[in-house]
Amino acid sequence: MDMPEVPACLIAAAEIHKIVRRLGVEITACYRHCPRELVVIGLLKGAFIFMADLVRQIDLPLVIDFLGVSSYGDTALSSGEIHLTMDLATDISGRDVLLVEDIVDTGVTVETVRRLLAQRQPRSLKVCAFLSKPECRRVDAQVDFIGREIENAFVVGYGLDYAQSFRHLPFVGKIGLSGKK
Ligand code: IMP
């Protein structure tokens, strides 16, 4: 597989910081009357950097956990199938849960995982996504907090990958790929 060149910047680090700070304020306001610690669940691997920044902007008692899911394999083409690669260590029944996703594209991943978590009977369940591509939606996914909407482009950096590369970039960049969906 040919590796694309280093991507052009779409969202700079300073803008990412502002987005995450704003989300932190919104989430803090939403959960300020939570009876117990908020359970913040990150979807691996893509959400790991966003999640680390986000929890530091939430001014509330919270615990974190991660769910491992894979959907695309090592390409930019969605298979539409979600595989659970790692389950939670936390019992979320009766808890207030915030699911954290890197990017919502077709909506299949986040909606599948949201329904799976809903079966475990949390007290409440909301979804926060750093990015959303509304043009690409195929299912009606519930996303309660959105960092930024973007056009239909393949983006990398700030946790997002192409074939597992580029996750470490401190900005979000756009790479030129053809044939996605
Ligand atoms: P969906 O199920 O189509 O909404 O896809 C969501 C998942 O696909 C995300 O968690 C990402 O892992 C991956 N994904 C979707 N769009 C992009 C992108 O532009 N760059 C990198 N990964 C993406």
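Every value quoted in this text rests on a predicted model; they were computed, and no experiment measured them. (Residues numbered from 1 in each chain as written. Predicted model: local features only at pLDDT ≥ 70, side-chain atom pairs only at ≥ 80, totals over all residues. Heavy atoms only, no water.)

Would you mind going over the nonpolar core with me for this structure?
One broad trend across soluble globular proteins is that nonpolar side chains are buried collectively. By size, the foremost hydrophobic cluster in this structure holds 28 residues, and its most contacted members are I27, F50, L54 and L131. If you list the elements that add at least two residues to this core, you get α1 (13-30), β2 (38-44), α2 (48-55), β5 (96-104) and β6 (124-132). The dominant element in this core, judged by the number of residues it contributes, is α1, at 5 residues. Within the second largest apolar cluster, 18 residues are counted, among which are V69, V104, V127 and A141. (Core = buried A, V, L, I, M, F, W, Y, C linked by side-chain atoms within 4.5 Å. Buried < 20%, exposed > 50% of the residue type's maximum accessible area, 1.4 Å probe, protein only. Helix = DSSP H or I, 4+ residues; strand = E, 2+ residues; numbered from the N terminus.)

Could you clarify how one ought to interpret helix α3 (residues 108-118) in this entry?
For an α-helix, the turn length of 3.6 residues means that residues three or four places apart are oriented alike. Turning to α3, its buried residues are V108, T109, V110, E111, V113, R114 and L117. Tucked inside the fold, the buried residues of α3 contact β2, β3 (62-70), β5 and β6. (Contact = heavy atoms within 4.5 Å.)

Help me understand the site of the ligand, please; the structure alone is not making it clear to me.
The environment of the ligand is formed by 17 residues, the closest being D102, T106, G107, T109 and V155. Between the ligand and D102, the relevant distance is 2.8 Å, taken from an oxygen atom to a side-chain nitrogen or oxygen of the residue. Within the contact set of the ligand, a nitrogen atom lies 2.6 Å away from a backbone nitrogen or oxygen of V155. Burial of the ligand by the protein amounts to 93% of the accessible area it has alone, namely 490 Å². Looking at the shell around the ligand, the elements that each hand over two or more residues are β5, α3 and β8 (154-156). At 4 residues, the largest contribution of residues to the shell around the ligand is made by β5. Of the residues contributing to the shell around the ligand, the split by class is 8 nonpolar, 4 polar and 5 charged. (Near = heavy atom within 4 Å. Polar contact = N/O pair within 3.5 Å; in protein donor to acceptor, adjacent residues only side chain to side chain. Areas by Shrake-Rupley, 256 points an atom, 1.4 Å probe, with all protein chains shown as cover. Nonpolar A, V, L, I, M, F, W, Y, C, P; charged D, E, K, R; others polar.)

Would you mind showing me how to read the packing of α1 against α2 here?
Axis angle and axis distance: for two packed helices, these are the angle between their axes and the distance between the axes, and together they describe the pair. At a minimum axis separation of 9 Å, α1 and α2 run at an interaxial angle of 60 degrees. With respect to α2, the element α1 is oriented oblique. As for how α1 packs across α2, the hand of that crossing is right-handed. Across from V20, L23, G24 and I27 in α1, the residues of α2 making contact are F50, D53 and L54. Residue composition of the contact of α1 with α2, grouped by class: 5 nonpolar, 1 polar and 1 charged. (Axes fitted to C-alpha atoms, helices over the stretch in contact; angles between N-to-C directions. Parallel < 35°, antiparallel > 145°, perpendicular 65-115°, else oblique. Left-handed = near helix turned anticlockwise from the far one by under 90°.)

Got a minute to help me understand the environment of M3 in this structure?
Positionally, M3 belongs in the segment before β1 (8-11). A relative accessible area of 43% means that M3 is categorised as partly exposed. Along the chain, M3 and I49 lie 46 residues apart, while their C-alpha atoms are 22 Å from each other.

How should the sheet that holds β5 be read in this particular structure?
For sheets, the rule is that strands pair by backbone hydrogen bonds, running either parallel or antiparallel. Pairing in this open sheet of 6 strands is mixed, and the strands run β4-β3-β2-β5-β6-β7 from one edge to the other. Edge positions in the open sheet fall to β4 (83-86) and β7 (145-149), since each of these has one partner strand only. Pairs of neighbouring strands in the sheet enclose a mean axial angle of 25 degrees, with direction left out of account. With 3 bridges joining them, β3 and β4 adopt antiparallel strand pairing. Along β4, the bridge assignment pairs V69 with L84. Each of β2, β5, β6 and β7 is contacted by α1, which is oriented at about 160 degrees to β7, the strand it contacts most. (Pairing = 2+ DSSP bridges.)

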